[in-house]
Amino acid sequence: MAQNNNRSIISMVVTIVIIGFILQVAFVYADRIDSPHKAVVEFSKAYFWLDKSMAKRLCNAQRTVDGVDVVDKYIQSVASNAKESGWGINYMKSTIYHIKTQTLSRDDSNAVVKLTCYKKKTINPLYMPFAKIFRLNKTYHVDETINVIKEDETWKVCGKVFDLPANPDLS
């Protein structure tokens, strides 16, 4: 009798492990699928974190304006503003959360996505609990409509986005 219980427990565990493996493979595959929403969220996270990887999600025509690298110029500008205020560039980094996207229009190669989220300064991991207790950190609402195009089989942000200069031909 005890042997039957052990076999059923073992078969149940094996079944759960197999189902878990199949689900994991499905989730990994689903995460590889590119979409306008994914492009907007990845770009926005990198933008507010002042991460140069935002250039990967910018369309080719917008990476340089008048021969100047847009991402480098933006990050240098933020660093300069921070220095003038007496802060380091890390003080200017923000994180976004409660991210919601909505497709306003879409065809095979263009989409317009509305991004709504909240952002907060993220100086250092220890800052957040203290900022919350002493109410030092303000929350800002972000509501932006972003144009996205399909370029080289990848969705990329294009046009006027946040404070980045836009290529006049794309706006």
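Residues numbered from 1 in each chain as written. Predicted model: local features only at pLDDT ≥ 70, side-chain atom pairs only at ≥ 80, totals over all residues. Heavy atoms only, no water.

Participant: Is there a simple way to think about the nonpolar core in this case?
Facilitator: Note on soluble globular proteins: their nonpolar side chains tend to be buried together. Ranked by internal contacts, the top residues of the largest apolar core, which has 28 residues, are Phe43, Met54 and Phe162. Taken together, the elements giving at least two residues each to this core come down to helix H2 (36-48), helix H4 (70-84), strand S4 (110-121), strand S5 (140-151) and strand S6 (154-158). No other element matches the 6 residues that H2 contributes to this core. Not counting residues up to four positions away in its chain, the partners in contact with Phe43 are Met54, Arg57, Leu58, Val157, Val161, Phe162 and Leu164. (Core = buried A, V, L, I, M, F, W, Y, C linked by side-chain atoms within 4.5 Å. Buried < 20%, exposed > 50% of the residue type's maximum accessible area, 1.4 Å probe, protein only. Helix = DSSP H or I, 4+ residues; strand = E, 2+ residues; numbered from the N terminus. Contact = heavy atoms within 4.5 Å.)

Participant: Would you take a moment to explain the sheet that holds strand S3 (residues 94-106) for this structure?
Facilitator: Strand-to-strand pairing in sheets goes through backbone hydrogen bonds, with the strands running parallel or antiparallel. Ordered in space as S3-S4-S5-S6, the 4 strands form an open sheet in which the pairing is antiparallel. For this open sheet the edge positions go to S3 and S6, each flanked by a neighbour on one side alone. Each strand of the sheet is rotated relative to its neighbour by a mean of 35°, with strand direction disregarded. The sheet strands contacting H2 are S3, S4, S5 and S6, and the helix crosses S3 at an angle near 150°. (Pairing = 2+ DSSP bridges. Axes fitted to C-alpha atoms, helices over the stretch in contact; angles between N-to-C directions.)

Participant: Would you explain the packing of aromatic side chains in this entry?
Facilitator: For any two aromatic rings, the description comes down to two numbers: the centre-to-centre distance and the angle of the planes. By the definition in use, this model includes 8 aromatic pairs. Pairing Phe43 with Tyr47 gives two aromatic rings, centres 6.0 Å apart and planes at 25°, and the pair type is stacked. Of the two residues, Phe43 and Tyr47 both sit in helix H2, 4 residues apart, roughly one turn of that helix. Side by side, Phe43 and Tyr47 carry an identical accessibility label, which is buried. Seen in terms of ring centroids, Tyr47 and Phe48 are 5.0 Å apart; in terms of plane orientation they differ by 85°. Their pairing is edge-to-face. Using a relative accessible area of 2% as the deciding quantity, one classes Tyr47 as buried. One aromatic cluster is present, formed by Phe43, Tyr47, Phe48, Tyr74 and Phe162 through successive ring pairs. Just above the ring of Tyr140 sits the side chain of Lys119; from NZ or CZ to the centre is 5.6 Å. Lying across the ring of Tyr91, Lys121 places its NZ or CZ 5.0 Å from the centre. (Phe/Tyr/Trp six-rings, centres within 6.5 Å; stacked < 30°, edge-to-face > 60°. Lys NZ or Arg CZ within 6 Å of the ring centre and 35° of its normal.)

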